[in-house]
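# Observations on chain architecture
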Amino acid sequence: MALLADATTLLGKELRTEFRSRELLTTTVVFILVVVVLFSFTFDPSTSESRRFGPGLLWLSFLFAASLMLQPCFLREQNNDTLSALRLSVRDPFSIFLAKLSANTLFLLLTEVLMLPIFAILYNVHILSVFPQLVLVLFLGSLGVAIPGTAFSAISAQARMRELMLPLLLLPLLTPVLIASTEATGALLEVNPALRADWLGFLLGFDLVFLTALWLFGEYLLEE
Amino acid sequence: MTTPGFFPTGIRFENIDKRYGGLYALRRVSLEVRAGECVAFAGRNGSGKTTLLRIAARLVRTSAGTVKFVASASETADSGARIGFVAHATMVYDELTAEENLLLFAKLQGIAGHAARAATLLEEVGLSERRGSLVRTFSRGMRQRVAIARALLNEPSVLLLDEPATGLDPEGITWLANTLRRMRDAGRTILMSLHGESEISALATRAVRLDAGAVVADTQAGASLHSIVTFAGA
């Protein structure tokens, strides 16, 4: 239970520092907004085109925004060497990852939920009737992005060319999440919406596999 | 400064090597620091002082050799050794207040009565009136005081200090010297890297000089305080 207690304390710290600085949320919201608006200008999509291409465009913008958001996750722990202070203090190093990936998932989910109404207006799709199901897909997809993203953020923070390294490592790995999330979102935006259990199961499996890997090997990623 | 859980702890470095690629940061370093000693590490930049302290704090893995915390000749104390570490950087969050920083680390360390402990330390370091201010609004010296308070939260049996006087004004240095003197006299083990002579270096009971990652001189207890201070500051 020390793991959960430490993770909760650290999550509180993550939320407090972010809501004070608003660095990550502002950057991500603005980035997604720009991408979604630019795509809508480029295609001027009809409803049927939006159903076909919209989910892919939406998830691509989420993915690129996430790679922006995840970059400073461990980098800002290096400014004052606070990562060392955390390593000296926590009882289980996995609590550092658990807190950070929870915060990243929350920030990403919050951004996505904020962006959904704008997406619905610009792309002429109806989301109100399937909003809870969409949030479920967004949650599982965001978790799938945040778990490996947090791990790679820890790796890239110690590397040279770190700005390039994170998207290079992360984006190819997230291809399965992109496909599954796009398919699940697309199915919900159809004329006869459906919650695709197969894609949700795939996302859940992906999340569990990477969470287990992070739990087993995460400690090594924190070493100098 | 003595607490119920406190027991004197020494450190044994055995044949420590630390390589970064082909470069040796430390080469076959063997040292026995007895419980209650106050050791000053001297040497040029890049001589390995910081690496040795970070290895002692278990923040850096050795390439070869072992570090052991010992309560006595026969008893290892690895699981029970409480370490306080002050690094070059402040190791506190700029976006949190001084009090929030101390409460965060106290909670993570499972310190009972963490709020009272944080309040006591803020009083001791002279920041109780600024407890609610964000650390980013502090001067370098004030940040260093928060850093030292954070390191003292768990009432460490071993204190590792990497140039602890960085950024402190003369008044701050005197305060730090008095704090360290009390800790040394209470039997805490102190390892510190220093540049030049100061009130802090005068506290050392032993001085070790490193050069290119190797121990090149070690003045054991018994040498005159003046020679140790001169040595540490050389």
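Residues numbered from 1 in each chain as written. Chains lettered and ligands numbered in written order. Predicted model: local features only at pLDDT ≥ 70, side-chain atom pairs only at ≥ 80, totals over all residues.

### Re the overall build of chain A
- Helix and strand content of chain A: 10 helices and 0 strands.
- Listed by position from the N terminus, the elements making up chain A come as α-α-α-α-α-α-α-α-α-α.
- In summary, chain A has a C-alpha radius of gyration of 18 Å against a globular reference of 17 Å for 224 residues, a match within 12%.
- The C-alpha extent of chain A, read off along each of the three principal axes, is 55 × 30 × 30 Å. (Helix = DSSP H or I, 4+ residues; strand = E, 2+ residues; numbered from the N terminus. Rg over C-alpha atoms; globule rule 2.2 N^0.38 Å.)

### Quick look at the interface of chain B and chain A
- The interface is formed by 22 residues belonging to chain B together with 19 residues belonging to chain A.
- Breaking the side of chain B that touches chain A down by element, the ones donating at least two residues are β5 (83-86) and α2 (98-108) of chain B.
- Among the elements that take part in the side of chain B that touches chain A, α2(B) stands out by supplying 4 residues, more than any other.
- Class assignment for the residues of the side of chain B that touches chain A results in 14 nonpolar, 3 polar and 5 charged. (Contact = placed C-beta atoms within 7 Å. Nonpolar A, V, L, I, M, F, W, Y, C, P; charged D, E, K, R; others polar.)

### Considerations on the sheet that holds strand β6 (residues 158-162) of chain B
Residues and elements named next belong to chain B.
- Taken together, the 6 strands give an open sheet; going across it, the order is β5-β6-β7-β3-β8-β9, and neighbouring strands pair in mixed fashion. Looking at the sheet topology across the chains shown, the edges are occupied by β5 and β9 (214-219). Neighbour-to-neighbour, the strand axes of this sheet turn through a mean angle of 15°, independent of strand direction.
- Examined bridge by bridge, β6 and strand β7 (residues 189-193) share 5 bridges and lie parallel to one another. (Pairing = 2+ DSSP bridges. Axes fitted to C-alpha atoms, helices over the stretch in contact; angles between N-to-C directions.)

### Section: the nonpolar core
- In terms of nonpolar packing, the biggest core is built from 132 residues, with B:V39, B:F41, B:L102, B:L160, B:I190 and B:L191 touching the most fellow members.
- Per-element tally for this core: the top contributor is helix α7 (residues 131-157) of chain A, with 12 residues.
- Aside from chain neighbours lying at most four places away, what touches B:L102 is B:A118, B:L121, B:L122, B:A149, B:R150 and B:L153. (Core = buried A, V, L, I, M, F, W, Y, C linked by C-beta atoms within 7 Å. Buried ≥ 20, exposed ≤ 12 C-beta atoms within 10 Å, placed from the backbone.)

### Some thoughts on the confidence of the model for chain A
- Confidence in the prediction for chain A averages 91 pLDDT; 100% of positions are at 70 or higher.
- Looking over chain A, one finds the lowest element-wise mean pLDDT in helix α2 (residues 23-43) of chain A, namely 87, and the highest in helix α9 (residues 175-188) of chain A, namely 95. (pLDDT = per-residue confidence, 0-100.)

### Considerations on the environment of A:K100
All names here are of chain A.
- Within the secondary structure, K100 is located in helix α6 (residues 94-122).
- Judged by C-beta crowding, with 24 C-beta atoms within 10 Å, K100 ranks as buried.
- Measuring from C-alpha to C-alpha, the distance between K100 and T185 comes to 26 Å, with 85 residues separating the pair along the chain.
- K100 has contacts with E14, C73 and T150, leaving out every residue within four places of it along the chain.

### Digging into the packing of α7(A) against helix α8 (residues 162-173) of chain A
All names here are of chain A.
- Contact geometry for α7 and α8: axes closest at 9 Å, N-to-C directions at 150°. Viewed along their axes, α7 and α8 adopt a mutual orientation that is roughly antiparallel. For α7 against α8, the interelement crossing comes out right-handed. Across the interface between the two elements, P148, G149, F152, S153, S156 and A157 of α7 pack against R162, M165, L166, L169, L170 and L173 of α8. (Parallel < 35°, antiparallel > 145°, perpendicular 65-115°, else oblique. Left-handed = near helix turned anticlockwise from the far one by under 90°.)

### Description of the sheet that holds strand β2 (residues 23-33) of chain B
Residues and elements named next belong to chain B.
- Here we have 3 strands laid out as an open sheet, ordered β2-β1-β4, and antiparallel in their pairing. The strands lining the two open edges of the sheet, one partner per strand, are β2 and β4 (64-70). Averaged over all pairs of adjacent strands, the angle between their axes in this sheet comes to 15°, without regard to strand direction.
- Sheet topology places strand β1 (residues 10-20) next to β2; 7 bridges connect them, and they run antiparallel.

### Quick word on helix α3 (residues 114-124) of chain B
Residues and elements named next belong to chain B.
- Of the residues making up α3, those classed as buried are R117, A118, L121 and L122. Looking straight down α3, one finds its buried side chains confined to an arc of 130°; they lie on one side.
- Contact partners of the buried residues in α3: α2 and α4 (140-152).
- In the segment just after α3, G126 is the residue with positive phi, at about 75°. (Arc of directions from axis to C-beta.)

### With respect to α2(B)
- Counting buried positions along α2(B) yields 11 of 11 residues, so the element is predominantly enclosed.
- If you check which residues of α2(B) are buried, you get B:A98, B:E99, B:E100, B:N101, B:L102, B:L103, B:L104, B:F105, B:A106, B:K107 and B:L108.
- On its buried face, α2(B) sits against α1 (2-21) and α5 (82-89) of chain A together with α3 and α4 of chain B.
- Of the residues one or two after α2(B), B:G110 is the one with positive phi, at around 65°.

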